[in-house]
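# Remarks on the overall topology
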Amino acid sequence: MPVIGAGFAGTWGMGLNILLHRSYGEHPWTAWAAPSAGLALGVGMLLILRIVVGDHRPRPAMRWAVAVLVCWSQAVVLHLALDEMSGRSPAVTWLVIATFVAGVPLLQAWFGRMQRRSVRDSPRSIAEERHAAGLVADCERILAGPLKPKHRRQAERNLVQALITQAMHTDQSDGLVRATDLLQRQLAGEDRGTLDALLLAEALVAAMDRKADKHGDLQGYAEALEILAQTGASLPPECNVEMRVCRARALYHFTMAGRAGPPEQASQHADLAVAMARRAVELAPRAHQPDVYTDLAYCLGRRCGDDLSDLDEAVEWCERARQRLRRRPRERAWADTVLAELHLVGAKALDARDLSGLSDADQQEVADTVAQSLMTAILLSEQAVKYGGSGHRRLARGHLARAMALAERRFHDGPSQEQVAAAWRAAAEETRRYSLPAHLDLSLDWTLWTLAVEVPELCVEAFTELMRVVPQLTGAQYLPEERDRVLLTAQHVAAEAGYWLLLAGREREAVVALELGRAVAMSEDLVRNRLLPSLAARGAVDRAGSHAFSSPAQRVWADLDRLRRETGAGRDVDFAQIAAAAVDGPLVYLASAGQGGYAVIIPVGGGEPAWRRLPDLTDERVREQADRYLAAMRPGADPPQREVVHHLLPWLWEHGLRDLAAELPAGALVTLVPVGVLGLLPVHAAGGPAAPGAPFADWDFLLDRVLVRYAPNARILAEARRRAAECENRPLTLLTMDAPDALPDSPLRYARHETAVIAARWRAGGNTGVTLPDASGPQVLAALPRHSVWHWSCHAQAWPDDILQSALHLQDGPLRLRDLLDVPESPRRLAVLSACDSHVTGRTLPDEAVSLPGGLMQIGVAGVVATYWRAHDQAAVFVTAKFYELWRERGLPPPAALAHAQRWLRRATQGELDAYLPGVLIRPKDPVHAERWSAQRVFDVPYRWALFAFSGV
């Protein structure tokens, strides 16, 4: 089109110049009148052509400007013609001016009408990213006005295409729900045997593919393919319906291969994708063969895996496609992209081979082959980047960055680190706007390269990009299994990101990275729960109803996502927001990275963060301790849990916690946010002997210097503080529950005593409460919403490898964590889990803080007391009773009350304990033994007193 516009401008300008010179000779104004008129008409014609075919959406100001240019061109010609005929009368000048003034608004209005008609009828560039958002607005504006039925159908079809394109290139995927609803309605009213119905069915398949790519939601995908096949069954052969269906089915099976669980299922879908692509090759007419050849090569290349038997065939199909398109680089971009990927796959496979058994000549041959493959991949990727569309550029830039990174690592004369970093930046910029899952994969590869080169500045850039995409992609997942898949991919990244940011001197950014990497899903759920009341007030929540192509979960998520964009809720996290959580004490992020551990301390009031290296706390060592600690939870474990705990606590103390304790202000309430595997360990209980061989009574502990509580992250801590403040304005009611005989083989002798003591202390202060003896699941679930403080005294069982199976054992069976998550969310003040292993976090996603305390905080509980290992029955009675006394009677904050209760139990003698709660301990009848018994401290062992931990506020 620029060529057409230039042609108009040049032709008109030359012709007008000849006429002016013949009429006026060498007059001064002829030197600029002809070129300006020619240029004006050329620009105007270019804009008109682009509007007509739908490739441009000029703003009103631009339409006015072009109208002025075109009318100026016409005024010059009109003045020339009339001047010759009238003998250069002054009236001619006024007539031309009037024509110009009247023509400009008329021409501008005509431009607007042409633009609206173009959007309504057939915008060719509707699939282009830069026009999608504007076309959505245009189509909505046109549909709001009066239209003929055929024009309304076409405008709705264009709106669907624009919504799908917008979902592909932006984070506004909520438009997919509207698109599928429109398509479903249009297909219901369309004759299935028409080309229009075929186009609608193809659009529906495209919407399902986009939904599967971004959200992992496959509902409706197979049904859409079936509709496509049925729609085209009665169309003539020249429509190539069967080929289109085969290509769509190949894409579907290719998507399923990437999401299937067992390897056998994934392999089966990969084979079906290749089979469908081969069938499409057989059916493809000559015009479609290059694209279909490339599709087959792509499926074969992705099926390769560790077996490269399909690689040569895939390369051959790609070369065939490129041969057909050898003089059409734009159309060849897809084949270039796939061939670059195939060469990159081959180079990686050869580079990973063990060459130790080969001769020097054979090793050199392998190196030359790798170099040649990488060079070919780089050249092909550059070609695809230059000539390809947005989708091809995204893939090609990713291949280019990966190929350059491998070449830089493999060869001395390869690209420089700066060139590779620039390639990664360009690939991230391109991928960020097209596909969040692809952006995550690219960012992970980028971080792996930067870790290999160990340049802090490069590591910082890569990890910053990665930490930006993880919350975005997690927020786009409304299916739990897909969200877990994303989080599993990005586990342990936050600790590494924080380490390199700190090395680069960017402490604030390190804090933000650590915050973004902790409890990602819980933070997202809190934002959604906060928005649900506003959404319900609008009447927008659609949880029910029959929608073949969009689930209720997707529809609710779409409404929430739209509301979040409007309100800006939960989008950006900055240091100021994090530092604001350090209100009543310092906030400490504790992490272990590959190069060593570290702690970042944010002082009270949100001052500048300070960090301390803990070099012995490496990720590998922490993992070993975590595996040993979690293995000891199994019944009959060897070594027993008590022995493991008494080895772990001094290990933590000696490997960094003692140094951290020295940095913290004495007596402060410290909020610990353990990152990565450290979230599995009882960091609060770290301590060790003051001198070798010292008894437990002479050990130093972190709890001796400071008061400790845990928080999943700073945002959840702030939310817990808000909930606690809400509860302070209304009377608290206590629900105590016990189930001493839930496990007949291990009865809890003092559970009933514990709940009786706590209920009596609670009521003594004039508060109300309810006790459920021998509690059952239905009783508990019915009573929980009516009370703001919950106290369980029962058995519990943690499943670190399947944490949602963790349960509190009641009289009628286990009450599992997944059941508690269904309790309606509402502000509650406190929950005390006086039960074994109730603080254990899931091993698979330690950064997500998925545990009984985490689940309770997610449904609105401001603070949770729980245990890290098996509770001692008598110790639990004393700690919890003292805790309630210090909290409710003496007014200490719950975290401080628990810490002081543990210190008290550790130092108390049996005589003091018996006087505090008579009947819990058995006093000897012999006076001599009784005196010695009274002076003993039986709970000074860390395994007895240090198991309780506080989370929240």
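Residues numbered from 1 in each chain as written. Predicted model: local features only at pLDDT ≥ 70, side-chain atom pairs only at ≥ 80, totals over all residues. Heavy atoms only, no water.

- As recorded in an unreviewed UniProt entry, the protein chain goes by the name CHAT domain-containing protein, listed as coming from Catellatospora bangladeshensis.

## Observations concerning the overall build of the protein chain
- Each helix and strand in the protein chain was counted, giving 38 helices and 16 strands.
- Taking all 953 residues of the protein chain together, 55% fall into the buried category.
- Relative to all contacts within the protein chain whose residues are 6 or more apart in sequence, the contacts with residues 24 or more apart total 72%.
- Counting only carbon and sulfur atoms, one obtains 55% of the accessible surface of the protein chain, whose full area is about 40,200 Å². (Helix = DSSP H or I, 4+ residues; strand = E, 2+ residues; numbered from the N terminus. Buried < 20%, exposed > 50% of the residue type's maximum accessible area, 1.4 Å probe, protein only. Contact = heavy atoms within 4.5 Å. Areas by Shrake-Rupley, 256 points an atom, 1.4 Å probe, with all protein chains shown as cover.)

## Describing empty space enclosed by the protein
- Enumeration over the complete set of coordinates arrives at seven cavities of 30 Å³ or more.
- What the largest cavity holds in volume is close to 150 Å³.
- A per-element tally of the lining of the largest cavity places helix α33 (residues 852-858) first, with three residues.
- For the lining of the largest cavity, the per-class residue count stands at eight nonpolar, six polar and one charged. (1 Å grid on protein atoms, 1.4 Å probe; cavity = no way out; pocket = protein on both sides within 12 Å on 5 of 7 lines; lining within 4 Å. Points joined across faces, edges and corners; volume = space filled by probe spheres on them. Nonpolar A, V, L, I, M, F, W, Y, C, P; charged D, E, K, R; others polar.)

## Topic: the pattern of salt bridges
- Applying the stated criterion across every chain yields a total of 51 salt bridges.
- In this structure, the salt-bridge partner of E140 is R178, at a minimum N-O distance of 2.6 Å. Here R178 lies in helix α7 (residues 175-188) and E140 lies in helix α5 (residues 129-143), a separation of 38 residues in the sequence.
- E226 is the salt-bridge partner of R249, the closest N and O atoms lying 3.7 Å from each other. Of this pair, R249 sits in helix α10 (residues 241-259) while E226 sits in helix α9 (residues 221-231); the two residues are 23 residues apart in sequence, bridging distant segments of the chain.
- On the basis of relative accessible area, R249 is assigned to the partly exposed category, the value being 23%. (Salt bridge = Lys/Arg side-chain N within 4 Å of Asp/Glu carboxyl O.)

## Description of the sheet that holds strand β13 (residues 813-816)
- The sheet built from three strands is open, its strands ordered β11-β12-β13 with antiparallel pairing. Of all the strands in the sheet, just β11 (795-797) and β13 have a single pairing partner and so form its edges. Put simply, the sheet's adjacent strands are angled 35° from each other on average, direction ignored.
- Where β11 and strand β12 (residues 807-810) come together, three bridges link them in antiparallel fashion. Paired with H795 across the strands is H809, a residue of β12. (Pairing = 2+ DSSP bridges. Axes fitted to C-alpha atoms, helices over the stretch in contact; angles between N-to-C directions.)

## Re the side chain of E885
- On the secondary structure map, E885 appears in helix α34 (residues 873-889).
- Filtering out sequence-adjacent residues up to four positions away, E885 remains in contact with R761, R890 and Y916.

## Thoughts on the confidence of the model for the protein chain
- Across the protein chain, the average pLDDT comes to 84, with 85% of residues at 70 or higher.
- Across residues 52-57 the pLDDT falls below 50, and counting only partners more than four positions away or on other chains, this stretch makes 24 contacts in the model. (pLDDT = per-residue confidence, 0-100.)

## Considerations on helix α11 (residues 263-283)
- Along its 21 residues, α11 runs 31 Å from first to last C-alpha, staying within 8% of the 30 Å computed at 1.5 Å per residue.
- Burial in α11 covers these residues: A266, H269, A270, A273, V274, A277, A280 and V281. All buried residues of α11 lie within an arc of 140° about the axis, which places them on one face of the element. Exposed positions of α11 whose direction lies more than 90 degrees from the buried face are E264 and E282.
- Among the structural elements, α10, α12 (289-303) and α13 (311-324) are those in contact with the buried residues of α11. (Expected span 1.5 Å × (residues − 1). Arc of directions from axis to C-beta.)

## A short note on the packing of aromatic side chains
- In total, this model carries 21 aromatic pairs according to the counting rule given.
- Considering the side-chain rings of Y884 and W887, the 6.2 Å spacing of their centres and the 45° angle between planes classify their relative orientation as tilted. Residue Y884 and its partner W887 are both found in helix α34; the two are separated by three residues, about one turn of the helix. Note on accessibility: Y884 and W887 belong to one class, buried. (Phe/Tyr/Trp six-rings, centres within 6.5 Å; stacked < 30°, edge-to-face > 60°.)

## Some thoughts on unusual backbone geometry
- The peptide bond linking D638 to P639 adopts the cis configuration, its omega dihedral lying at 5°.
- For P639, the position within the fold is in the loop between α26 (619-631) and α27 (641-663).
- Unusually for a residue other than glycine, E454 sits at a positive phi of about 55°.
- Within the fold, E454 resides in the loop between α18 (436-453) and α19 (456-475).
- Positive phi, close to 50°, is recorded for D774, a residue that is not glycine.
- Note on placement: D774 falls in the loop between β9 (768-772) and α31 (777-783).

## Things to note about the packing of α12 against helix α14 (residues 333-351)
- Where α12 meets α14, the closest approach of the two axes is 10 Å, and the angle between their N-to-C directions is 20°. Regarding the angle of α12 to α14, the classification is roughly parallel. Considering the relative orientation of α12 and α14, their crossing is left-handed. Along its contact with α12, which presents D291, T294, D295, A297, Y298, G301 and R302, the element α14 presents W334, A335, V338, E341 and L342.
- Looking at the contact of α12 with α14, its residues break down into six nonpolar, two polar and four charged. (Parallel < 35°, antiparallel > 145°, perpendicular 65-115°, else oblique. Left-handed = near helix turned anticlockwise from the far one by under 90°.)

## Things to note about the nonpolar core
- The biggest cluster of nonpolar side chains holds 85 residues, and the ones touching the most others in it are Y629, L657, W869, F878, F883, Y884 and W887.
- Setting aside its immediate chain neighbours within four residues, L657 contacts L590, L652, V683, A686 and L702. (Core = buried A, V, L, I, M, F, W, Y, C linked by side-chain atoms within 4.5 Å.)

## Some words on the environment of V600
- If you trace the backbone, V600 turns up in strand β2 (residues 596-602).
- Assessed through its relative accessible area of 0%, V600 is described here as buried.
- Counting along the chain gives 11 residues from V600 to Y589, while the straight-line C-alpha distance between them is 5.1 Å.
- Apart from the residues lying within four places of it in its own chain, the contact partners of V600 are L502, V511, L514, L587, V588, Y589, P609, A610 and W611.

## Considerations on the environment of Q577
- Topologically, Q577 is positioned in helix α25 (residues 575-579).
- Spatially, the C-alpha atom of Q577 lies 9.5 Å from that of V512, the residues being 65 residues apart in sequence.
- Apart from the residues within four sequence positions on either side, Q577 is in contact with D572 and R715.

## So, the packing of helix α16 (residues 390-410) against α18
- Between α16 and α18, the shortest axis-to-axis distance is 11 Å and the interhelical angle comes to 15°. Judged by the angle between their axes, α16 and α18 are roughly parallel. Like other packed secondary-structure pairs, α16 and α18 cross with a definite hand, here left-handed. Every residue of α18 that contacts α16 at R394, G398, R402, A405 and E408 is listed here: A438, D441, L442, D445, W449 and V453.
- Partitioned by chemical class, the residues of the contact of α16 with α18 number five nonpolar, one polar and five charged.

## Topic: the pairing of strand β1 (residues 587-593)
- Of all the seven residues making up β1, seven are buried; the element is thus mostly covered by neighbouring parts of the structure.
- Residues L587, Y589, A591 and A593 line one face of β1 and the alternating positions V588, L590 and S592 line the opposite face, and both faces are buried.
- Examined bridge by bridge, β1 and β2 share seven bridges and lie antiparallel to one another. Within the sheet, the bridge partner assigned to S592 lies in β2 and is G597.
- Hairpin connection between β1 and β2: a loop of two residues separates the two successive antiparallel strands.

## Quick word on helix α35 (residues 894-907)
- Between its first and last C-alpha, α35 extends 20 Å over 14 residues, near the 20 Å set by a 1.5 Å rise per residue.
- Looking only at α35, the buried set comprises P894, P895, A896, A897, L898, A899, A901, Q902, R903, L905 and R906.

## A closer look at the side chain of H253
- Here H253 shows up in helix α10.
- Other than its neighbours up to four places away in sequence, H253 contacts H269, L272, A273 and M276.

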